[in-house]
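# Observations on chain architecture
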Amino acid sequence: MLRPLLHLLTTLALLAPLAATAEPVIVTSLKSGPIELTREQAEKLYLGRSTTLADGTPVKLVDLPAGSTRDELYLRLTNKNPAQIVAYRSRQVFTGRAIPPLEAENVSEARQWLTDTPHLIGYLDRADVTSGMRILLRLP
Amino acid sequence: MNQLLVAPLLVALVGSATAADEPARFSLSGFGTLGVVRSDKDDFHFRSSTTQSSSSPGQNFDATTDSVLGVQGTARLHDQLDATVQAVTRQTVGYDYSPRISWAYLRYRATPELTVRAGRTTTPFFMFSDSLNLNYITPWVRPPVEVYSLNPFAALDGIDLLYRIPVGTLDLEIQALYGDSHVSIPHGSASLKSAKGLKLALAGSGLTLQAGYARTDLEVHWGDYFYNYLTTVMPPNVSQNMAGNEGHAQFFSAGMQWEKDNWLAIAEYAKRKVDRYINTSHAWYITTGYRFGALTPFVTYAKQVQEAPANDATLPPALAPLMDIFNASRNNAQKTIALGLRWDVARNIAIKAQGERIYLGPDSRGIFASPSNPTDYNKPTNPVHVLSLSVDFVF
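Residues numbered from 1 in each chain as written. Chains lettered and ligands numbered in written order. Predicted model: local features only at pLDDT ≥ 70, side-chain atom pairs only at ≥ 80, totals over all residues. Heavy atoms only, no water.

### Structural notes on helix α5 (residues 320-329) of chain B
Residues and elements named next belong to chain B. With 7 of its 10 residues buried, α5 lies for the most part within the structure. For α5, every residue scored as buried is listed here: L322, M323, I325, F326, N327, A328 and S329. Its buried side turned inward, α5 meets β9 (207-222), α3 (225-233) and α4 (236-239). (Buried < 20%, exposed > 50% of the residue type's maximum accessible area, 1.4 Å probe, protein only. Helix = DSSP H or I, 4+ residues; strand = E, 2+ residues; numbered from the N terminus. Contact = heavy atoms within 4.5 Å.)

Next comes the structure, spelled out in C-alpha cells:
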C-alpha cells in the first residue's frame, strides 16, 4: 500500500525543479556521541583509504543504492563521476584493499540504520534527514 | 560435494546479513571481459600473454584471447579476519579454459595499519599485477603486452604483509612478500622459488606512484621440438644453460597513474634481469587520454627492448644460427603505437575499441608465436596491425 504512494511522491519530488539536484549531507546517529568528521577524512573513508575517524575511532559506512544522491555525493566529495567511482571501487574490492560500504536497499532503510546504529556514517539528501541523526558534514 | 556444502552455507551467511551493525558476512562479486581481436596477417596470431597458444589464422577474429570471467567471494570470519577466494577462467596454454584459483587467502588485520595475508595472492611485479584480469578499471582492452609479458607469473603462494601509513595528505603502502609461483607456458613450464619482494606505493587524490623490487630463484623447462632437437646437438655445457632449476632473476618496476580534471596519464617501466634460460629485457609504456563525458579516447606508446639474449654462448659457425633462432623465439621485443576509445555505456559496463600498429624485433617476433616453423623467428617483417573490440563489466 505504502510503496506505490512513496514511488509517486518520489517521482513528484524528482519532477519538482527545486529538488532536481540532490544535496547530499553526511550524517550519523545521535547515538554516535560527539564525533567529528572533516571533509578530508570523509573523502578518505569513502575512497577506502581509511576505516577510522581522525582520532582513531573505527566507523562503518553506508551507501545509498545507485542513483542521483549517491552520484552527487561522490562527485562533490571525491570529484569522481559514477564510472570512475565504479572503476576505483572495483579495484579496491577485487584486490582486497577495502571493503565497500554497506549498501542500503533504499533511503528508508539507510535512514533506519543511520538512526539506530552508533558509529555508522552515511549520507542522505538533506530533505531526508530526520530527528534521530546529526549532520556531520555539508558539501556545498 | 563442495557445491553441496557451500550452498546452505551461503544461504545461512547471506540470510543473516541484514542488520547495519552486523555487516554482510559474505559478499560475492565478479568481473569479466568479452573481447575479440584480429591482426592483418594470417601468420601473426595476436596473444595477450606469452602463456597463450596460437594456432588459428591471425586474421580471424579470436574471442578467446582477451575474454575472461572472474568471480570473487569474501567471507568475514571475525572483525579482523576474513577469507577471500577468486576464480578466473580465460584461455591459457593449449586453449585450456579451466577456472584457476587466482586468489585464496586468509587476511588478518592486525592493526588498522598492518594487514597480513597468507595463501594465494598475486605477485607484485607490475602496477596492475593485483588486477590483471580486471580490464574494467583501465582505459585499455588489456594492459600493454610489452611490459606485462615480461613476467607471466601472476599467482604467488606464500605470505605478504601490507603496511599503510599516512604521509602528509598522501598514503604510503608498503608490501613485503615471500612465496613461490608456477606457470605453464606453451611446451613448457616455469617456477619461481623463494621469491622475495618489496613494493612501495604512494597514493594521493589524483596521483599514485609506485616502485617494486623482487628477486627469486628460477626454474624453466621447455618441451618444444626445436628445443629438444637443440639439446641433442649443442655441447652439454651450453644446453644445461637453456633450461633447468638453477636460474636467478631480479625484477624492477616503477609506475605512475595521474588523473586531473578530465585528463589521465598512466606510465610504467619494468625490467627483468635473468642469469640463464630466458632473456634480460626492459619495457615501458605511456598512455594519455581525455574524458569527454562517457567517452575516453586515449593513445599509448609501448616498447620492449632485449638487453641480453636467452643464451649467449660462443658457438661454432654450424651451431650459432640455430641458437640465434632459439634466442629469437624467447624474445618478445617489439614496440606499439595504439589508439583506443573507452565508452562508459552504462553503470558497470564499458565498451572499448583499440587499434595497434606493432613493430617487431629486432631479432624477435614480438608477442606473436610461430606454431610450426622455427625459421619464422628470423624473418624480417613489416609492422603488424591489430584490432581489438571488447566489453568489460563488473557485478
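### Focus on the pairing of strand β11 (residues 263-274) of chain B
Residue and element names in this part refer to chain B. Within β11, 9 of the 12 residues are buried, leaving the element largely enclosed by the surrounding structure. Across 12 bridges, the pairing between strand β10 (residues 244-260) and β11 is antiparallel. Note on β11: the bridge partner recorded for W258 is A265. Between the antiparallel neighbours β10 and β11 lie 2 residues, among them D261 with a positive phi of about 50°. Relative to strand β12 (residues 280-290), β11 is paired through 10 bridges, and the arrangement is antiparallel. Of the residues in β12, the one forming a bridge with I266 is T287. Counting the residues that bridge the hairpin from β11 to β12 gives 5 residues, and of these Y277 lies at a positive phi of roughly 75°. (Pairing = 2+ DSSP bridges.)

### Digging into the nonpolar core
Here is a general trend for soluble globular proteins: nonpolar side chains tend to be buried in one another's company. Residues F126, F128, L218, W222, M234, Y285 and F326 of chain B are the most contacted members of the largest nonpolar core, which totals 55 residues. With sequence-adjacent residues up to four places away left out, F126 of chain B is seen in contact with V147, Y148, L150, N151, K199, Q210, F251, E268 and A270 of chain B. Of all hydrophobic cores here, the second largest spans 31 residues; its members include V25, L114, M133 and L136 of chain A. (Core = buried A, V, L, I, M, F, W, Y, C linked by side-chain atoms within 4.5 Å.)

### A look at the interface of chain A and chain B
Residue-level contacts link 27 residues of chain A with 42 residues of chain B. By the criterion of area lost to chain B, the three top residues of chain A are R91, F94 and R97 of chain A, representing 27% of everything that side buries. Applying the counting criterion to the chain A and chain B interface returns 7 salt bridges. Taking the shortest distance from any N to any O, the salt bridge between K80 of chain A and E259 of chain B comes out at 3.8 Å. The tally of links from chain A across to chain B stands at 13 residue pairs in polar contact (both at pLDDT 80 or more). Secondary-structure elements contributing two or more residues to the side of chain A that touches chain B are α2 (39-46) and α4 (82-94) of chain A. The leading source of residues in the side of chain A that touches chain B is α4 of chain A, at 9 residues. When grouped by side-chain class, the residues that make up the side of chain A that touches chain B number 11 nonpolar, 8 polar and 8 charged. (Buried area = accessible area lost by both parts, 1.4 Å probe. Salt bridge = Lys/Arg side-chain N within 4 Å of Asp/Glu carboxyl O. Polar contact = N/O pair within 3.5 Å; in protein donor to acceptor, adjacent residues only side chain to side chain. Nonpolar A, V, L, I, M, F, W, Y, C, P; charged D, E, K, R; others polar.)

### What to know about the side chain of E72 of chain A
Within the secondary structure, E72 of chain A is located in helix α3 (residues 68-78). When neighbours within four sequence positions are excluded, E72 of chain A is seen to be in contact with T21, A22 and P24 of chain A.

### Here's the deal with unusual backbone geometry
Cis geometry marks the peptide bond from G361 of chain B to P362 of chain B; its omega dihedral reads 10°. With respect to the helices and strands, the residue P362 of chain B is situated in the loop between β15 (349-360) and β16 (384-394). A positive phi angle is found at N79 of chain A, which is not glycine, with a value near 60°. Relative to the assigned elements, N79 of chain A resides in the loop between α3 and α4. With a phi close to 60°, H187 of chain B is a non-glycine residue in the positive phi region. Relative to the helices and strands, H187 of chain B resides in the loop between β7 (170-185) and β8 (188-203).

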